[in-house]
Amino acid sequence: MNAPGFGLLLLQTLLVAAGMLLADAPVPWLVAFTTLFAGISAWRVRALLGDAEEDRDVELTRMQGDLRESSEALERERAELSVLMSSISEAILAVDESGKILFFNDRFRAFFGAVGLTERKTTLREVFRASEVADVFQQAQRELNPRHSEVDLSVAGESQPRTFDLAVTPLRSLQGAVYGCVGVFHDVTELKRAERMRIDFVANVSHELRSPLTAIKGYSDTLRSDFEAGRMEDIPGFVDVISRNADRLMALIGDLLDLSSIESGGEIHRQWVMSGELSQRVLRQLEPRRAQRNMNAHVEVEPGAERIYADPGRLEQVLVNLVDNAFKYTQEGGRVRVAWEKGPGGGVRLRVADNGPGIPEESRARIFERFYRVDKARSREVGGTGLGLSIVKHIVQRHGGSVELRSTPGQGTEFLCDFPGPEGT
Ligand SMILES: Nc1ncnc2c1ncn2[C@@H]1O[C@H](COP(=O)(O)OP(=O)(O)OP(=O)(O)O)[C@@H](O)[C@H]1O
Ligand SMILES: [Mg+2]
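Keep in mind it's a predicted model, so treat the numbers as computed, not measured. (Residues numbered from 1 in each chain as written. Chains lettered and ligands numbered in written order. Predicted model: local features only at pLDDT ≥ 70, side-chain atom pairs only at ≥ 80, totals over all residues.)

A. The pairing of strand 4 (residues 162-172), seen in detail. Here strand 3 (residues 147-153) runs beside strand 4; their pairing, made up of seven bridges, is antiparallel. When the bridges of strand 4 are listed, Asp152 appears paired with Thr163. With nine bridges connecting them, strand 4 and strand 5 (residues 178-187) associate as antiparallel partners. From the neighbouring strand, Arg172 faces strand 5, where its bridge partner is Val178. (Pairing = 2+ DSSP bridges. Helix = DSSP H or I, 4+ residues; strand = E, 2+ residues; numbered from the N terminus.)

B. Highlighting the packing of helix 10 (residues 312-329) against helix 13 (residues 388-398). Contact geometry for helix 10 and helix 13: axes closest at 9 Å, N-to-C directions at 145°. Viewed along their axes, helix 10 and helix 13 form a crossing whose handedness is left-handed. Side by side, helix 10 and helix 13 meet where Arg314, Gln317, Val318, Asn321, Leu322, Asp324 and Asn325 of the first sit next to Gly388, Leu389, Ile391, Val392, Ile395 and Val396 of the second. Looking at the contact of helix 10 with helix 13 residue by residue, the class counts come to seven nonpolar, four polar and two charged. (Axes fitted to C-alpha atoms, helices over the stretch in contact; angles between N-to-C directions. Left-handed = near helix turned anticlockwise from the far one by under 90°. Contact = placed C-beta atoms within 7 Å. Nonpolar A, V, L, I, M, F, W, Y, C, P; charged D, E, K, R; others polar.)

C. Geometry of the sheet that holds strand 2 (residues 101-104). Here five strands make up an open sheet; going across it, the order is 2-1-5-4-3 and the pairing antiparallel. The sheet is open, and its two borders are formed by strand 2 and strand 3, each paired with just one other strand. Averaged over all pairs of adjacent strands, the angle between their axes in this sheet comes to 25°, without regard to strand direction. Taken together, the six bridges between strand 1 (residues 91-96) and strand 5 define a ladder with antiparallel strand orientation. Considered in strand 5, the bridge of Ile92 is made with Val184. Against the sheet, helix 5 (residues 131-143) makes contact with strand 1, strand 3, strand 4 and strand 5, and its axis sits at roughly 30° relative to strand 4, the strand it touches most.

D. Just the environment of Lys100, in detail. Its place among the elements puts Lys100 in the loop between strand 1 and strand 2. Each C-alpha atom, one on Lys100 and one on Glu126, is 9.6 Å from the other, the two residues being 26 residues apart in sequence. Excluding residues within four positions of it along the chain, Lys100 makes contact with Val95, Arg120, Lys121 and Thr123.

E. Inspection of the sheet that holds strand 10 (residues 348-354) at higher detail. Read from one edge of the open sheet, five strands run 7-9-10-12-11, paired in mixed fashion. Each edge of the open sheet is held by one strand with a lone partner, namely strand 7 (296-301) and strand 11 (402-408). The sheet shows a mean angle of 10° between the axes of neighbouring strands, taken without regard to direction. Examined bridge by bridge, strand 10 and strand 12 (residues 412-419) share seven bridges and lie antiparallel to one another.

F. Region of interest: the pairing of strand 1. In this sheet, strand 2 lies alongside strand 1 in antiparallel orientation, the contact comprising three bridges. Looking across to strand 2, one finds that Leu93 is bridged to Phe104.

G. Molecular detail of the nonpolar core. Grouped together as the largest cluster of nonpolar side chains are 34 residues, with contacts concentrated most on Val318, Leu322, Val323 and Val392. Considering every element that reaches this core, the biggest residue donor is helix 10, with eight residues. Apart from residues lying up to four places away in sequence, Leu322 is in contact with Val352, Val392 and Phe415. Formed by 21 residues, the second largest nonpolar core is a distinct cluster that contains Ala91, Phe104, Leu153 and Phe185. (Core = buried A, V, L, I, M, F, W, Y, C linked by C-beta atoms within 7 Å. Buried ≥ 20, exposed ≤ 12 C-beta atoms within 10 Å, placed from the backbone.)

H. Summary view of the site of ligand 1. Neighbouring residues of ligand 1: 23 residues in total, closest Arg373, Val374, Gly384, Gly388 and Leu389. Those elements that provide at least two residues to the shell around ligand 1 are helix 10 and helix 13. It is helix 10 that provides the largest number of residues to the shell around ligand 1, a total of four residues. Classifying every residue of the shell around ligand 1 gives nine nonpolar, 10 polar and four charged. (Near = placed C-beta within 6 Å.)

I. How the structure looks around the environment of Arg366. With respect to the helices and strands, the residue Arg366 is situated in the loop between helix 11 (361-364) and helix 12 (376-381). C-alpha separation for the pair Arg366 and Ser390, spaced 24 residues apart in sequence, amounts to 9.9 Å.

J. Local environment of the confidence of the model for the chain. In this model, the chain carries a mean pLDDT of 87, and residues with pLDDT of at least 70 account for 88%. Low pLDDT, under 50, characterises residues 13-36; the stretch is placed with 13 contacts to residues that sit more than four places away or in other chains. (pLDDT = per-residue confidence, 0-100.)

The structure is reproduced here in structure tokens:
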């Protein structure tokens, strides 16, 4: 009760008492005091009750505040978690014990979302038709332990499957009960590819070194026994073979050293190079090859592409490799065109085109790999080891440019190299 309320009660009691006094009755006094006492007690009780109510209000307000703070903190954590999840490069998926999706991140949707994903509806088996993913999740859940596996999975928009290192861990509530599993899909396709390339590279180098070395060893042994036996007539021929194979070994080792120097970031010294002059020099250098195969070669320089900002030695290597290929793989009497044009972004584009057999579709993605040859036998016959285009690609990339291949089987091949201008490097 508040102060005015108490005043009213006092006034009321005094009025009763006064009335009774006027009535001159002793008993009514008693009544008056009892009334006053009762009034005061009632006021006290109500005051106490009022305090409790107020306390309760205060407590409620505090609880409301706490609750709002916790829910804001929860919301913040959720938002942070969501940002974190979407910035993670791994695909993440959580499922409940029946295999229904609980949660997935943006990366997961980008890779596997083609089926349409709905939390608490879509199941693991609907996303991954092959059972291997569901099996790993099931094992982790059954054994209550993390499981690892390497799986090849199709991803949205790509024809080739990707390899994932899948790690699945059971999800536990605070009380320790397992209510599902979370899987992290780490894309190891590139890593695997690099590993395979490294293994292939060592195998290829050994193989390529072995062939000429075997020839050198065989011919030098025969040469020695012929010499000891006094048979001299075949010796000049043997020396020729030995010398040719030694040249081949040196060329191969030169290419390998070149490649490793470009790949490991060897210096590139850019300067202005006259494209027409460079082309003529390269054609002169390759004249024996051109004449041998009776090829037609011509150079075109578009206005604005007379000069190119590049490392002269490296640029020459690019042109030699491309023109050499065109001479080697085009049928006798074929045509080769070297053209310099203005390229995108103020740079220069080099085109080397021929009217040869072209490069089959299935080989195009691998053509720039080290040691890759479309027709190994044919290539070896003409002295190729499959390093030329790999060198070309690395040189152009070290200049900040890019290489593109256009080819129509049966009609010809064209390589386009885009070199950026001085400001784009
Ligand atoms: N202009 C072309 N026409 C048809 N096929 C080509 C052409 N250029 C390259 N190729 C194919 O691509 C393969 C790889 O070429 P690359 O220049 O890398 O190696 P290579 O010529 O065999 O050997 P290297 O250049 O190391 O002497 C060749 O073996 C050949 O099969
Ligand atoms: Mg070549």
